[in-house]
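Commentary on secondary and tertiary structure
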Amino acid sequence: SAVISQKPSRDICQRGTSLTIQCQVDSQVTMMFWYRQQPGQSLTLIATANQGSEATYESGFVIDKFPISRPNLTFSTLTVSNMSPEDSSIYLCSVEGVEGYNSYEQYFGPGTRLTVT
Amino acid sequence: GEDVEQSLFLSVREGDSSVINCTYTDSSSTYLYWYKQEPGAGLQLLTYIFSNMDMKQDQRLTVLLNKKDKHLSLRIADTQTGDSAIYFCAERTDYGQNFVFGPGTRLSVLP
């Protein structure tokens, strides 16, 4: 499968600040997604990162709070803006359409553990 | 709407078989997946099954799909301590790219 890295792996941030999380894949992929996993919970899709156009957000998530970039087929960023303690979660990048693999296989990065104080 | 349910906890003895169950509501599901999440890690794709299949076997893993009852199970043979993790069931619907994840089953393997 593709090798997916995320930076930072974890961070502790102050309320009101913003953090940008990077997701890098070692091969070109068709689709990139961002998920949130709140403590002890399952995964919730935040948005689909579209190359060259605005991300597609799921219900309950907005661009002003979670701006996303995808400048090419191997890289995406998610920014968590104006953070509050409720944003403390693990943020996961995932990809689909990895060259040489079934397009229905979705692979996940290691996650970024964010704590907001 | 889409909903995926799993029991939250399962304990088994080392060497026994584990069976993790999942039910889903969307009859238009095309693919169903099992992911494993170890502490502090991301999700590892274990296996998946296309909705027109009943069974898929991959080494110690056996996936059974009962489409009529919308029931999916993952059997792990000869369970080892390294299998201790949270296992997520997920469905992909016919009409979207979205995955819907279940709440996860925490598998504890006792020596």
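In short, a report on the structure. (Residues numbered from 1 in each chain as written. Chains lettered and ligands numbered in written order. Predicted model: local features only at pLDDT ≥ 70, side-chain atom pairs only at ≥ 80, totals over all residues. Heavy atoms only, no water.)

1. A few points about the overall build of chain A
Stated formally: Secondary structure is summarised from DSSP: a helix means a run of H or I of at least four residues, a strand means a run of E of at least two, and numbering begins at the N terminus for each. We compute the radius of gyration over the C-alpha atoms and compare it with the globule rule, which gives 2.2 Å times the number of residues raised to the power 0.38. Only protein chains enter the accessibility calculation, which uses a 1.4 Å probe; a residue is then buried when its area is under 20% of its type maximum, exposed when over 50%, and partly exposed in between. Contacts are residue-level and defined by heavy atoms, with any inter-residue pair within 4.5 Å sufficient. Residue exposure ignores everything except the shown protein chains as possible cover, and the areas themselves are Shrake-Rupley values with a 1.4 Å probe. Under this rule, positive means Lys or Arg and negative means Asp or Glu; His and the chain ends count for nothing. We put the charge of a Lys on NZ, of an Arg on CZ, of an Asp on CG and of a Glu on CD.
The helix and strand tally for chain A stands at 0 helices and 11 strands. The N-to-C order of helical and strand elements in chain A reads β-β-β-β-β-β-β-β-β-β-β. For 117 residues, the compact-globule estimate of 2.2 N^0.38 gives 13 Å, and the C-alpha radius of gyration of chain A, at 13 Å, lies within 12% of that figure. Referenced to the eigenvectors of the C-alpha coordinate spread, the extents of chain A come out at roughly 45 × 25 × 20 Å. Going through the 117 residues of chain A one by one, you find that 52% of them count as buried. A sequence separation of at least 24 residues applies to 55% of the contacts in chain A between residues at least 6 apart. Carbon and sulfur atoms make up 47% of the accessible area of chain A, which totals about 5500 Å². Between the centroid of the 7 positive side chains of chain A and the centroid of its 10 negative side chains there is a distance of 10 Å.

2. Details of the sheet that holds strand β3 (residues 19-25) of chain A
All names here are of chain A. To keep things clear, this is the line we draw: A strand pair is defined by DSSP finding two or more bridges across the two strands. Axes, fitted as lines to C-alpha atoms, cover a helix only where it is in contact. Angles between the N-to-C directions of the axes lie from 0 to 180 degrees.
Sheet architecture is open: 4 strands sit in the order β1-β3-β8-β7, paired in antiparallel fashion. On the outer flanks of this sheet lie β1 (4-7) and β7 (68-72), each paired with one strand and no other. The sheet shows a mean angle of 15 degrees between the axes of neighbouring strands, direction not considered. Of the pairings in the sheet, the one linking β3 to strand β8 (residues 75-80) comprises 6 bridges and is antiparallel in character.

3. Some thoughts on the interface of chain B and chain A
Size of an interface: often given as the accessible area lost when the parts come together. The cut-off we apply is this: The quantity reported as buried area is the accessible area (1.4 Å probe) lost by two parts once they are put together, taken as the sum for both. Should a side-chain nitrogen of Lys or Arg be within 4 Å of a carboxyl oxygen of Asp or Glu, the pair is scored as a salt bridge. As used in this structure description, the phrase polar contact means that two N or O atoms lie within 3.5 Å; if the pair is within protein, one of them must be able to donate a hydrogen and the other to accept it, and residues adjacent in sequence are counted only when both atoms belong to side chains. Just so you know the grouping, Ala, Val, Leu, Ile, Met, Phe, Trp, Tyr, Cys and Pro go in nonpolar, Asp, Glu, Lys and Arg go in charged, and all remaining residues, Gly too, go in polar.
The interface is formed by 18 residues belonging to chain B together with 20 residues belonging to chain A. Regarding the contact of chain B and chain A, the summed buried area is about 1500 Å², with carbon and sulfur atoms giving 53% of it. At the junction of chain B and chain A, the tally comes to 1 salt bridge. Ionic pairing is found between glutamate 96 of chain A and arginine 92 of chain B, a salt bridge with its closest N-O pair at 2.9 Å. For the pair chain B and chain A, the interface holds 8 residue pairs in polar contact (both at pLDDT 80 or more). Residue assignment for the side of chain B that touches chain A shows that the elements contributing at least two residues are β4 (29-37), β5 (43-50), β9 (85-93) and β10 (99-101) of chain B. Of the residues that constitute the side of chain B that touches chain A, the class distribution is 11 nonpolar, 6 polar and 1 charged.

4. Describing the packing of aromatic side chains
Convention followed: Two aromatic rings, drawn from Phe, Tyr or Trp (for Trp, its six-membered ring), form a pair once their centres lie within 6.5 Å of each other, and the interplanar angle then sorts them: stacked below 30 degrees, edge-to-face above 60, tilted otherwise. A positively charged side chain is recorded as over a ring if its NZ (Lys) or CZ (Arg) lies within 6 Å of the ring centre. The angle to the ring normal must also be within 35 degrees.
Inspection of every chain in the model, using the stated rule, returns 17 aromatic pairs over all chains. Judged by centre distance (6.5 Å) and plane angle (45 degrees), the rings of phenylalanine 66 of chain A and tyrosine 91 of chain A are tilted. Here the residue phenylalanine 66 of chain A occupies a position in the loop between β6 (56-57) and β7, and tyrosine 91 of chain A occupies one in strand β9 (residues 89-96), the gap between them amounting to 25 residues. Look at phenylalanine 66 of chain A and you get buried, because its relative accessible area is 4%. Note on tyrosine 91 of chain A: relative accessible area 0%, which makes it buried. An aromatic cluster is present here, built from Tyr35, Tyr104 and Phe108 of chain A together with Tyr31, Tyr33, Tyr35, Tyr48, Phe50, Phe88, Phe99 and Phe101 of chain B joined pairwise through their rings. The ring of tyrosine 48 of chain B carries lysine 56 of chain B above its face, with NZ or CZ at 4.4 Å from the centroid.

5. Some remarks on the state of the cysteines
Short version of the rule: We call a pair of cysteine sulfur atoms a disulfide when they lie within 2.5 Å.
All chains considered together, the criterion is met by 2 disulfides over all chains. At a sulfur-sulfur separation of 1.9 Å, the disulfide partner of cysteine 23 of chain A is cysteine 93 of chain A. Here cysteine 23 of chain A and cysteine 93 of chain A share a disulfide; its torsion about the S-S bond, -65 degrees, makes the bridge left-handed. Remark: cysteine 93 of chain A occurs in strand β9 and cysteine 23 of chain A occurs in strand β3; sequence separation between them is 70 residues. Just as cysteine 23 of chain A is buried, cysteine 93 of chain A falls in that class too. Note that cysteine 22 of chain B is cross-linked by a disulfide to cysteine 89 of chain B, the S-S spacing being 2.0 Å. The S-S bond linking cysteine 22 of chain B to cysteine 89 of chain B shows a torsion near -65 degrees; that makes this disulfide left-handed.

Everything listed here is a matter of geometry and, on its own, says nothing about what the molecule does.
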